[in-house]
Every structure is written in C-alpha cells, then in structure tokens.
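# Working through the structure, step by step
Chain residues, written in single-letter form:
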Amino acid sequence: MTGHDPISLTTVSAGFIQDWLDALGSRCPPEMLRSLLHRSGLQSGPMNPQQRVTLEEIARLYQLAAPETGDEMMGLWCRPIRPRALQHLVTVQREASSLVSALYRFSTFWNLLLDDFRLELMHRSDEVELALIPYSIETQPQRFGHMLILKLAHGLLSWLAGAETDVKTVRFAFARPDFAADYAVVFPCPVEFDAPHTSILFDPNQFKRPIARNPAEASVFLQRAPIDWIFTSSRSHTHSLRVRAHLYGAAWQTCQLPEVAAALGMTPRTLNRRLKEEGTSFQEIKDALRRDIAIRAIQQGTESIEQISFDTGFSAPANFHRAFRKWTGRTPGSYRA
C-alpha cells in the first residue's frame, strides 16, 4: 500500500482525549465548544470512549481551540497559557547551546507559567529524568495534560536534533486507563502507570547531537503544531507499531504472523509474547489497521462506501456499516458528510 504513512493513519480512542475535552469545556461556553468540535470533524455530542478519532482531527481541534480560547494549553493547567507562549518557548529552545541546555530551558520556562506542578530535571550517570512534581499532594494529575507536556519536551528535543530522540521510559502518576494502548502511538518506549510522579527518562549519551534549526524552520514547526511534536515519524515505537508498519507495506489482509515475525527477525512465539506484553495481539493489530484504513478512506471521499467495504475485507456493505458505527458512533455516510 502507498500514499500514507502507516502511523499517520492511526486513530486513538475517544477516551484518550476525553480529559482534554472536559478541560476545554472549562475554557469556553457550550456553544463555542460545539462549534470547535464540529469544525475539527469531531462529533459535538457525548462520545463512547471506544469510538475512534483521527490524529488529523486532534491536530485540527488544537489549532482551532488554542487561539479561540486564549489558552495554548486549553484548560489543561489551572492557569491559562497565554497566546504566543509556544512561539517564545521554541525561540528559547532554538538558542540553547546543547540538548541538555534545551531540556533545562524547557523546565525553567514552564516553571514560570505553571502554578499546580513544577518540572524537575534530574541527572544520573545512566539517565536524565524530567519529572512533573505537584506543589500539593492533593493535586490530581490531568492525564491528557501530563501526556502533552512530556510529549512536547520529547517533540522539541527531536525537532532540535533533526532526528527522533530515543526515550528510555515514560511514567505516569495515574492508574492504567482503558485506553493505555493509545500511548504507543505517542511515545517510542515502554509506558508505565501508577508511578510516584509523572516523568520522561532519556539516555544522556544521545544529548551530544548538535542543535541546527533556523528561524524559518521554527516558523514551519509552529504552523504545524501540534502535529510535529505529538505524532513523530518513528518506526520503532513498539513491537505493535513495527508490526503495523510492516503490514501496511505488505498485503496486509493475507499477511500472517509467521511471515511478519520472520521479517522482524524473531520467532512467532517471541513476537506473540512481546505483543502480549504491550497489551495487544497480532489479530488486534490487523483489525485496527483495517479500521483506520477504512476511516481514512471515508474521509477522503474518493471511493464509494461499497468499494471501501470490499477493500477492507468485509463480505457485504451491511457488515461494514455495522462495524463502522461501532468504531465511530456514526454511519459511513454521516461521517463522510
């Protein structure tokens, strides 16, 4: 298959963004929220947590909501983050002498703006940890907000270096949610939950890369925000995304576990075990790819719904309609409209 990056096709569950939608509702009246959701392509009514939303819809909502609410973090923190804060952060980062310096500047920048948490940078011989520490033990973590600020740190470092920065581990100070598998789309590393504090850990040896970004590149980065710092182009996030990428480039409908395992240099038993550790399975990955290909095809509108149903392996359009409603909460026709 060609024409799209296999990760750009990925969707996440509605539950993954629900905390963000709740926070956004605190920054704007109901009619504004409905308008933002409608213009971004998301449904304005209650969503089932298992419904799917595309990465493009998430990016579009951010690009609409940040300027219209006057808060570049859209209610995710107790204090609004005023317009042009991200622009100033990118300028500060770009002028850093090294990636270590950039990470330090990142922490000091946010510590001037946040009232509920502080960022703490900790150096050890084998790792560098950027931790999010609450000022009060009673402060509860905002799941989407914690994800977003860690991903912003990772995305900026990767952008500054011109290549994705490897991450050792990401830890969250909240319980493992039902949508835990969605974090594999965002972070190229193991993700842990129920940690003492939220943090992202790096290998300090990779911080030797030089910073080489000019003002024109910074402008493009800001114009595309948040797509370049949330959804990076790594091919090695997890075994599940490696399987997905391989299936996308192969005849995914007929490709089976043994040939994918061989292509990834392991036995089927080993691949099965590693996928299980990531909370998924080979068949679940194939089903998710079929779902995401169908959603993208419906959005593009170049093929008939009947043709899409057959292209994605459904024996009859009626079966496709039922599956699509389960995935998105809408019929293919209303989703395309």
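As a reminder, the structure under discussion sits directly above these lines.
Residues numbered from 1 in each chain as written. Predicted model: local features only at pLDDT ≥ 70, side-chain atom pairs only at ≥ 80, totals over all residues. Heavy atoms only, no water.

### Some points on the overall build of the protein chain
Scanning the protein chain from N- to C-terminus turns up 16 helices and 7 strands. Relative to the 2.2 N^0.38 estimate, which gives 20 Å for 337 residues, the radius of gyration of the protein chain is 20 Å and therefore close to what a compact globule would have. Taking the principal axes of the C-alpha coordinates as reference, the protein chain spans close to 55 × 50 × 45 Å. When burial is assessed residue by residue, the protein chain has 51% of its 337 residues classed as buried. When contacts within the protein chain are restricted to residue pairs at least 6 apart in sequence, long-range pairs at least 24 apart make up 68% of them. Of the roughly 15,200 Å² of accessible surface on the protein chain, a fraction of 51% belongs to carbon and sulfur atoms. Distance between charge centres in the protein chain, computed from 37 positive and 35 negative side chains, equals 3 Å. (Helix = DSSP H or I, 4+ residues; strand = E, 2+ residues; numbered from the N terminus. Rg over C-alpha atoms; globule rule 2.2 N^0.38 Å. Buried < 20%, exposed > 50% of the residue type's maximum accessible area, 1.4 Å probe, protein only. Contact = heavy atoms within 4.5 Å. Areas by Shrake-Rupley, 256 points an atom, 1.4 Å probe, with all protein chains shown as cover. Lys, Arg positive; Asp, Glu negative; His and termini not counted. Charge placed at Lys NZ, Arg CZ, Asp CG, Glu CD.)

### Concerning the packing of helix 4 (residues 85–94) against helix 8 (residues 215–224)
One can describe the packing of helix 4 onto helix 8 by two numbers: an axis separation of 11 Å at closest approach and a directional angle of 145°. The two elements helix 4 and helix 8 cross, and the hand of that crossing is right-handed. Along the contact surface, helix 4 presents Leu86, Gln87, Val90 and Arg94, while helix 8 presents Pro215, Ala218, Phe221 and Leu222. Of the residues belonging to the contact of helix 4 with helix 8, the class tally is 6 nonpolar, 1 polar and 1 charged. (Axes fitted to C-alpha atoms, helices over the stretch in contact; angles between N-to-C directions. Left-handed = near helix turned anticlockwise from the far one by under 90°. Nonpolar A, V, L, I, M, F, W, Y, C, P; charged D, E, K, R; others polar.)

### Structural notes on helix 13 (residues 282–300)
For helix 13, spanning 19 residues, the distance from its first C-alpha to its last is 27 Å, which sits close to the expected 27 Å at 1.5 Å a residue. In the stretch just after helix 13, Gly301 is the one whose phi turns positive, near 75°. (Expected span 1.5 Å × (residues − 1).)

### Side note on the pairing of strand 3 (residues 117–123)
Direction of pairing for strand 3 relative to strand 4 (residues 128–134): antiparallel, over a ladder of 7 bridges. The partner of Phe117 across the bridge, within strand 4, is Pro134. (Pairing = 2+ DSSP bridges.)

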